[in-house]
Amino acid sequence: MYEWQQQIQIFIDEIDQCIKGHQDDALTLHALSCRLGYSEFYVTRKFREISGIQFRDYLRLRRLAFALREVRDSSRSFLEIAVDYGFSSHEAFTRAFKRAYGITPGEYRRKPVPVVLRTKLHSFDRYFFGQGEIGMIQSTEEIKIYFVTIPAHKFLHIRNYESIGYWDFWQKQSRIPGQDCETVCGLLDSIKGKLDDLGGSESNSGSGQIIGYLNDPKGRLCSWGIPLAECYGVRLPMDYKGDIPPQMLLTDIPQGEYIVFEHGPFDYNQENRSVEEKVEAAMSAFDYEASGYCLDTTPGRMGYLYHDPERFWKMVRPVQKL
């Protein structure tokens, strides 16, 4: 099964590459199946079995997710966008857009409200299934430790006072209507102006989304000895004026000093847990007194975790001078 999940992930990556490159000839079930070396019937069955969605439905929703960003961020005509993303006409594009998002492209361009995008599938997560790492490779990057001043910003997020860790967070959130992982991530993907977005290079694939840790007496006591509420969201400029999804909170985060523990790129499947342990060990061993700083446990201060295997694992914690 693991081998097939890897194959389907290749399939999913190919879909995004073809959509971004407007390669319609390559973006067919026949062409993609040939690249895997299996029949269309077999690939279709395995795709649904692993991803939980029909191939044709996933392809339509991914095309719409890419097209939505063009509607929002460009001045191109809807017909040009429709043709680029595989729709036969402006009317067909408008119908599909409204079925998916409950709003027409014209209405969305005039007022880009948050909508739930179909984000890119990641079909297999060993950690989610409790299988841990495979292999014994070690990344070459050591932990870098440095201090930064982060300007004031806003944090749009959902919050949980009872969860312990990322997977527990989403398991608890999935019990709340409209706060499951797919809905929340899809909404956050559609927000324009995220401070940590890569600029659209990976359209609708989670760019700009981070984990937050809010100092809050109502939260659970973490391993650092601080009561924290776990959050998930995006950082936004202080002048953000967009709509706020009803299940989310928008919090002002004042300018502050932070310490950063950063590990470089790593192989997610093979060393995610090991990198986490390295970062945690560095945080535990750090001599705050010698640095002239201490952790800031003031209620309302927010720390962040950036988890992007192609770039870094980065823990950002609030501090204050001694």
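Residues numbered from 1 in each chain as written. Predicted model: local features only at pLDDT ≥ 70, side-chain atom pairs only at ≥ 80, totals over all residues. Heavy atoms only, no water.

**Considering the overall build of the protein chain**
Within the protein chain, the secondary structure is distributed over eleven helices and nine strands. Within the protein chain, the fraction of its 322 residues that count as buried is 48%. Partitioning the intrachain contacts of the protein chain with sequence separation of at least 6 by distance along the chain shows that 72% fall at a separation of at least 24. When the accessible area of the protein chain is evaluated, it comes to approximately 15,800 Å², of which 52% is carbon and sulfur surface. (Helix = DSSP H or I, 4+ residues; strand = E, 2+ residues; numbered from the N terminus. Buried < 20%, exposed > 50% of the residue type's maximum accessible area, 1.4 Å probe, protein only. Contact = heavy atoms within 4.5 Å. Areas by Shrake-Rupley, 256 points an atom, 1.4 Å probe, with all protein chains shown as cover.)

**A word on the packing of helix α2 (residues 29-36) against helix α3 (residues 40-51)**
Direction vectors running N to C along α2 and α3 enclose 90 degrees, while the axes themselves pass 9 Å from each other. When the axes of α2 and α3 are compared, the pair comes out roughly perpendicular. Counting all contacts with α2, which are made through L29, H30, S33 and L36, the residues of α3 involved are E40, V43 and T44. When grouped by side-chain class, the residues that make up the contact of α2 with α3 number three nonpolar, three polar and one charged. (Axes fitted to C-alpha atoms, helices over the stretch in contact; angles between N-to-C directions. Parallel < 35°, antiparallel > 145°, perpendicular 65-115°, else oblique. Nonpolar A, V, L, I, M, F, W, Y, C, P; charged D, E, K, R; others polar.)

**So, the pattern of salt bridges**
If you walk through the whole model with that rule in mind, you get 13 salt bridges. The residue D84 makes a salt bridge to R76 at a minimum N-O spacing of 2.6 Å. Under the relative-accessibility criterion, D84 is labelled partly exposed at 23%. Look at R76 and you get partly exposed, because its relative accessible area is 26%. Among the charged side chains, a network of salt bridges with common partners joins E70, R76 and D84. (Salt bridge = Lys/Arg side-chain N within 4 Å of Asp/Glu carboxyl O.)

**Quick look at the pairing of strand β6 (residues 256-263)**
Among the eight residues in β6, seven count as buried, and that is most of the element. Two strands pair when backbone bridges link them, and strand β1 (residues 144-150) and β6 are joined in this way by seven bridges, in the antiparallel orientation. Within the sheet, the bridge partner assigned to Y146 lies in β6 and is V260. Looking at chain direction, β6 and strand β9 (residues 312-321) are connected through seven bridges and run antiparallel. (Pairing = 2+ DSSP bridges.)

**Some thoughts on the confidence of the model for the protein chain**
Considering every residue of the protein chain, the mean pLDDT works out to 85; 88% of them sit at 70 or more. No element of the protein chain has a lower mean pLDDT than helix α1 (residues 2-20), which averages 74, and none a higher one than strand β2 (residues 153-160), which averages 96. Ignoring residues within four places in sequence, the model shows residues 126-139, a span with pLDDT below 50, making 40 contacts including any to other chains. Counted against residues more than four places away or in other chains, residues 200-204, with its pLDDT under 50, gives 15 contacts. (pLDDT = per-residue confidence, 0-100.)

**Focus on the pairing of strand β4 (residues 227-236)**
Among the ten residues of β4, nine are classified as buried, and the element is accordingly described as predominantly covered. Note: β2 against β4, seven bridges, orientation antiparallel. Considered in β4, the bridge of H157 is made with G233. Strand direction decides the pairing type here: strand β3 (residues 209-221) and β4, joined by nine bridges, are antiparallel. The residue of β4 that forms the bridge with Y213 is E230. Between β3 and β4, which pair antiparallel one after the other, the connecting turn spans five residues, and G225 there sits at a positive phi close to 80 degrees.

**Considerations on the packing of helix α4 (residues 55-73) against helix α6 (residues 90-101)**
With their axes 11 Å apart at the nearest point, α4 and α6 run at an angle of 100 degrees to one another. Between α4 and α6, the interaxial angle falls into the category roughly perpendicular. Contacts between α4 and α6 pair L61, L64, A65, A67, L68 and V71 from the former with F93, A96, F97, A100 and Y101 from the latter. Grouping the amino acids of the contact of α4 with α6 by side-chain chemistry returns eleven nonpolar, no polar and no charged.

**Section: the packing of aromatic side chains**
Evaluated as defined, the whole model comprises 15 aromatic pairs. Seen from their ring centres, F87 and F93 are 5.4 Å apart, and the 55 degrees between their planes marks the pair as tilted. Residue F93 is classed as buried on the basis of its relative accessible area of 0%. Between W170 and Y232, the aromatic rings sit 5.1 Å apart at their centres with planes inclined by 70 degrees, giving edge-to-face as the arrangement. In this pair, W170 sits in helix α8 (residues 166-173) while Y232 sits in strand β4, placing the two residues 62 residues apart along the sequence. Residue classification places W170 among the buried positions, given a relative accessible area of 7%. Through pairs of rings, three or more aromatic residues link up here, namely F87, F93, F97, Y101 and Y108. K314 extends its terminal NZ or CZ atom over the ring of Y306, reaching a point 5.0 Å from the ring centre. The ring of F312 has K314 lying over it, and the distance from NZ or CZ to the ring centre is 4.3 Å. (Phe/Tyr/Trp six-rings, centres within 6.5 Å; stacked < 30°, edge-to-face > 60°. Lys NZ or Arg CZ within 6 Å of the ring centre and 35° of its normal.)

**A word on the side chain of R235**
Checked against the element boundaries, R235 lands in strand β4. For R235, a relative accessible area of 11% gives the class buried. Of the polar contacts made by the side chain of R235, one reaches the side chain of D196; its length is 2.9 Å. Within the local environment of R235, its side chain forms a polar contact with the side chain of Y306, the two groups lying 3.2 Å apart. (Polar contact = N/O pair within 3.5 Å; in protein donor to acceptor, adjacent residues only side chain to side chain.)

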